[in-house]
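Summary of structural features
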Amino acid sequence: MKRNAATMTNALAIAALLVLSAPGVGATEQCGECHPEERVSFASSVHAREGVGCTSCHGGDDTTLDSQSAHRGEFRSLSDRSEIPGVCAECHASQERMRPYNLPVDQYALYQTSRHGMAVAGGDDRAAVCTDCHGAHEIRAADDPQSTVYGRNIPDTCGRCHADAALMEPYGLDPQVTANYRSGVHGKALLDAHQSAAPNCTSCHGVHGGAPPSFGDIDKVCGSCHEKARRAFLAGAHYEGMLAAELPECAACHAHHAIRQIDVAAIASSCSECHDQGSAQVLLGEKIRTLILAAEQELQKAEERIREAQRIPLEVEDHLSRLEEARTYLTEAHPLVHTVSQEAVEELTRRARSIAEEIQHEIYAELDRTVAHVGLAGFWFYLIMTLAILWAYKRRLRRGKSGS
């Protein structure tokens, strides 16, 4: 019995040493002995890196391996989800604690104004709290590609709840929103083309103060990225008309989550979704479509002529510079489609088309001169060679006569 007792004492001592020397567990952080999974997750978190320990959130005593002693005092298990935002705010709403990291301290206040925060405050334990988006223990910085709130990962993070049909049903929310987002131009740009600047869910709905854009504010949300298109939209007839008809502005044509980019060739057909086929509005859309396509075709022709000139080769630096100017005019014309004004679009497309036509005429003239010079050089070469041959033939005849 004494031998067994001694053996057990030695085993406990060795176990204690292993716990104390394990990575991420210090002399005053024994929680991982009973919570190994949480300890492993926590070890890779930004909190662990900054010395924020278990007791910072949970309270209790982290200097003992005794479970009852560790959970005494002000220990909180945080099993009540409604407590979590307030606990996170103890640090993240503190100017003193956040100043060294240059992190905003208004996120808890914003959360309380959000649909999520108001639902939690109203006793809804299904609404999202901080840990649903950021994780509980393995909380990573937002710029960490493995973080749940990294830009490309946000659709998946939001989709954990918003793609759950059973969870969304009581709220009357569409569980297809994340699938729709993936199918739209924004989702394809972010997730397929890996364009980090492309919008994700928070770009339109907000981060901690998340809420759907209010009626009449959609153009402001879209305009935060598409500023020129918004200015054109506000200057056109659609803005007032859509407000009067209670249509969701930009989303009326481009959709909400499955955002579609309307191709120039489809402008007229898009107009016919609201306006009668053959109406003045649809005809106007067809005219705008024609103006843009005509300019695009002339720019394409000018580019082909420049490539042809480069193969000769001819000097084309000036032509390339002016072609870029023409492209700029055409690029500026595209958002003006939202004015639904033929005059506004025509002014810029005319400039683009005019420059492209000038480039073509100038290169044709240069090619003609080049061909003429080549032809003249060929003529002189032929003449000189002919004279040389005649001279050599005549000389041979003379030699033949003198030899006879």
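Residues numbered from 1 in each chain as written. Predicted model: local features only at pLDDT ≥ 70, side-chain atom pairs only at ≥ 80, totals over all residues. Heavy atoms only, no water.

1. Comments concerning the overall build of the chain
Test applied: Strands here are runs of E lasting at least two residues and helices are runs of H or I lasting at least four, both read from the DSSP assignment and numbered beginning at the N terminus. Residue exposure (1.4 Å probe, protein chains only): buried if accessible area is under 20% of the type maximum, exposed if over 50%, otherwise partly exposed. The criterion used for residue contact is that any of the two residues' heavy atoms lie within 4.5 Å. Per-residue and other accessible areas follow the Shrake-Rupley method at a 1.4 Å probe size, with only the shown protein chains counted as cover for residues.
If you tally the helices and strands in the chain, you get 23 helices and zero strands. Looking at the chain residue by residue over its 404 residues, the buried ones come to 27%. Put simply, of all contacts in the chain between residues at least 6 apart along the chain, 53% involve residues at least 24 apart. Put simply, the chain shows about 25,600 Å² of open surface, and 57% of that area lies on carbon and sulfur atoms.

2. Some remarks on the confidence of the model for the chain
The condition that has to hold: pLDDT expresses how confident the predictor is about each individual residue, on a scale running from 0 to 100.
For the chain, per-residue confidence averages 88 on the pLDDT scale, and 88% of positions sit at 70 or higher. In this model, residues 1–28 is a region of pLDDT below 50 whose contacts with residues beyond four sequence positions or in other chains number 14 contacts.

3. So, the packing of aromatic side chains
Definition in use: In this scheme Phe, Tyr and Trp rings, the latter by its six-membered ring, pair at centre separations within 6.5 Å, and the angle between planes marks the pair as stacked below 30 degrees, edge-to-face above 60, and tilted otherwise.
Under the definition given, this model contains one aromatic pair. Relative to Tyr 239, the ring of Phe 233 lies with its centre 5.7 Å away and its plane at 80°, an arrangement referred to as edge-to-face. For the pair shown, Phe 233 and Tyr 239 are each scored as buried.

4. Focus on unusual backbone geometry
Looking along the chain, the bond that leaves Ile 312 and enters Pro 313 is cis, with omega of 0°. Inspection of the secondary structure assignment puts Pro 313 in the loop between α21 (280–311) and α22 (317–333). Of note in this structure, His 194 is not a glycine but carries a positive phi near 55°. In this fold, His 194 is placed in the loop between α14 (185–192) and α15 (201–205). For Val 340, which is not glycine, the phi torsion reads 45° and is therefore positive. By the secondary structure assignment, Val 340 is in the loop between α22 and α23 (342–403).

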